[in-house]
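Each chain, letter by letter, is given below.
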Amino acid sequence: MGIAIVTGGSRGIGAAISEKLAADGHDIVINCASSVEKAEAVAEKCRAHGVKAMVKQWNVADYAACEAAVKEIKEEWGVPDILVNNAGITRDGLLVRMKPDQFDAVVSTNLGGVFNMTQIVGAMMMRAKKGAIISLSSVVGISGNAGQANYAASKAGVIGLTKSAAKELGARGVRVNAVAPGFIESDMTDVLPEEVKKNMLGQIAMKRCGKPEEIANIVSFLASDAASYVTGQVIVADGGMI
Ligand code: NAP
């Protein structure tokens, strides 16, 4: 099968995506910002599926770091077939009180990181005339959310970037899609106050949070030949929230 890069693969949704793509038979590069030990544990689970897995730590917001990492991956394993832009952060706060650095950190990681990786890996995929790029947006990028102007802007940006890249790369056989999850169990949502979680659950038709594996299944589909005529799409998986 192919070679897949999963950014932010050390925890949560990214860990589930890494394991699912390994189960699908792909060799996996697991990126993280700092939790190398957790990423190594994910790599072990991937290897149990009989594929190769390696951990690479770099900051997706840093263009030069992305370039260096992708160059190493290409030299060690070859041109990636699948790129999953999953790394993301939150720095929540009401708009009128939000500090510029709260805005910049979220946009440079969640949107800048997607731009960096899509440009660098997308160029290689174009030359190879094949590839699938899947980026994690969020329902918040479609509907907005009080306290998350920075995050919502970054995730709306991911949708615009995905649709534009799909139009540019399609003729070279590279598909570009996004997944927009709702409220998924992970470290990112664990830290929310109980009151906020209760309120969120009240808005979900299915009356439960999603599981990382439920997002990984959609990424697996979009990365596969089963989705060979799907590009420029945003698949919402939110249990009927928006
Ligand atoms: P999470 O549990 O907080 O994990 C975030 C991952 O991103 C970690 O692996 C982290 O690495 C990595 N990361 C953060 N900043 C990075 C950087 N600058 N460079 C490289 N890696 C970086 O998050 P999650 O809940 O699984 O979310 C995964 C993605 O889904 C995010 O894009 C998020 O916005 C999106 N999403 C999540 C939900 C949800 O309800 N959970 C809903 C909609 C969308 P370290 O472990 O090293 O810190």
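Refer to the structure above for everything that follows.
Predicted model, so just to flag it, every value in this text is computed and none were measured. (Residues numbered from 1 in each chain as written. Predicted model: local features only at pLDDT ≥ 70, side-chain atom pairs only at ≥ 80, totals over all residues. Heavy atoms only, no water.)

## Topic: the site of the ligand
Short version of the rule: We call a residue near a molecule or strand as soon as one heavy atom of that residue lies within 4 Å of the molecule or strand. As used in this structure description, the phrase polar contact means that two N or O atoms lie within 3.5 Å; if the pair is within protein, one of them must be able to donate a hydrogen and the other to accept it, and residues adjacent in sequence are counted only when both atoms belong to side chains. Exposure was quantified through the Shrake-Rupley algorithm and a 1.4 Å probe, taking into account, for residues, occlusion by the shown protein chains and nothing else. Starting at the N terminus, helices and strands are each numbered in turn, a helix being any DSSP run of H or I of at least four residues and a strand any DSSP run of E of at least two. Each residue gets one of three labels, nonpolar for Ala, Val, Leu, Ile, Met, Phe, Trp, Tyr, Cys and Pro, charged for Asp, Glu, Lys and Arg, and polar for the others, Gly among them.
Taken together, 32 residues surround the ligand, and among them Ser10, Ser34, Ser35, Tyr151 and Ser186 come closest. In this structure, a nitrogen atom belonging to the ligand sits 3.5 Å away from a side-chain N or O atom of Asn31. The separation between an oxygen atom of the ligand and a polar main-chain atom of Asn86 is 2.7 Å. Protein contact buries 94% of the 900 Å² of open area that the ligand shows by itself. Sorting the residues of the shell around the ligand by element identifies α1 (12-23), β2 (27-32), α6 (149-169) and α7 (187-190) as the ones contributing at least two each. The greatest single-element share of the shell around the ligand, amounting to three residues, is contributed by α7. A breakdown of the residues in the shell around the ligand according to their chemical character gives 13 nonpolar, 16 polar and three charged.

## Let's talk about the pairing of strand β1 (residues 3-6)
Where we set the bar: Burial status follows relative accessibility: with a 1.4 Å probe on protein chains alone, a residue under 20% of its type maximum counts as buried, one over 50% as exposed, and anything between as partly exposed. The path from the first strand over the helix to the second decides the hand: if it runs clockwise while the strands point away from the viewer, the crossover is right-handed. Between any two strands, pairing holds if DSSP finds at least two bridges.
Across the two faces of β1 the burial is the same, with Ile3 and Ile5 and Ala4 and Val6 all buried. In the classification by handedness, the crossover that spans β1, the intervening α1 and the parallel β2 is right-handed. Here β1 runs beside strand β4 (residues 82-85); their pairing, made up of three bridges, is parallel. Looking at β4, one finds that Ile5 is bridged to Leu83.

## Notes on the environment of Ile159
Tracing the backbone through its elements, the reader meets Ile159 in helix α6. Given the relative accessible area of 13%, Ile159 is considered buried. Along the backbone, Ile159 and Ile134 are 25 residues apart, and their C-alpha atoms lie at a distance of 11 Å.

## Considerations on the environment of Val121
In plain terms, the rule: Contacts between residues were defined by any pair of non-hydrogen atoms, one from each residue, lying within 4.5 Å.
Secondary-structure assignment places Val121 in helix α4 (residues 100-128). With relative accessibility at 0%, the residue Val121 sits in the buried group. Along the backbone, Val121 and His26 are 95 residues apart, and their C-alpha atoms lie at a distance of 17 Å. Not counting residues up to four positions away in its chain, the partners in contact with Val121 are Ile5, Val70, Pro80 and Leu83.

## Focus: α4
What counts is decided by this rule: One less than the residue count of a helix, multiplied by 1.5 Å, gives the span that helix is expected to have. To get the bend at a given residue, fit one axis to the seven residues ending there, fit another to the seven starting there, and take the angle between those axes.
With 29 residues, α4 should reach 42 Å at 1.5 Å per residue; the first-to-last C-alpha distance of 40 Å fits that figure. In the structure, α4 departs most strongly from a straight axis at Gly112, where the bend amounts to approximately 35 degrees. Looking one or two places after α4, you find Lys129, whose phi comes out positive at around 60 degrees.

## Some thoughts on the environment of Lys74
Assignment of secondary structure puts Lys74 in helix α3 (residues 63-76). Separated by 104 residues in sequence, Lys74 and Ala178 have C-alpha atoms that sit 24 Å apart. Other than its neighbours up to four places away in sequence, Lys74 contacts Val79 and Met124.

## Side note on the packing of α4 against α6
Test applied: An axis is simply a line fitted to the C-alpha atoms; with a helix, the fit covers only the stretch in contact. Between two such axes, the angle follows the N-to-C directions and lies from 0 to 180 degrees. The labels follow the angle: roughly parallel below 35 degrees, roughly antiparallel above 145, roughly perpendicular from 65 to 115, and oblique for the rest. Note on convention: the crossing is left-handed when the near helix lies turned anticlockwise from the far helix by less than a right angle, right-handed when the turn is clockwise.
α6 packs onto α4 with a crossing angle of 15 degrees between their chain directions and a minimal axis gap of 8 Å. Taken together, the axes of α4 and α6 lie roughly parallel to each other. Crossing angle aside, the handedness with which α4 passes α6 is right-handed. Here α4 contributes Gln102, Phe103, Val106, Val107, Asn110, Leu111, Val114, Phe115, Thr118, Gly122 and Met126 to the contact with α6, which in turn contributes Asn150, Tyr151, Ala153, Ser154, Lys155, Gly157, Val158, Leu161, Ala165, Glu168 and Leu169. Considered class by class, the residues forming the contact of α4 with α6 number 13 nonpolar, seven polar and two charged.

## Side note on the pattern of salt bridges
Rules: Salt bridges are defined by distance alone: a side-chain nitrogen of Lys or Arg within 4 Å of a carboxyl oxygen of Asp or Glu.
Following the criterion strictly, the structure yields ten salt bridges and no others. A salt bridge links Glu44 to Arg47; the nearest nitrogen and oxygen atoms lie 2.7 Å apart. Placement of both Glu44 and Arg47 in helix α2 (residues 36-47) is noted, with a separation of three residues, approximately one turn of the helix. The salt bridge partner of Glu194 is Lys197, with a shortest N-O separation of 3.5 Å. Taken together, the residues Glu194 and Lys197, both in helix α8 (residues 194-203) and three residues apart, mark about one turn of the helix. Salt bridges here are not isolated pairs; linked through shared partners, they connect Lys56, Glu72 and Glu76.

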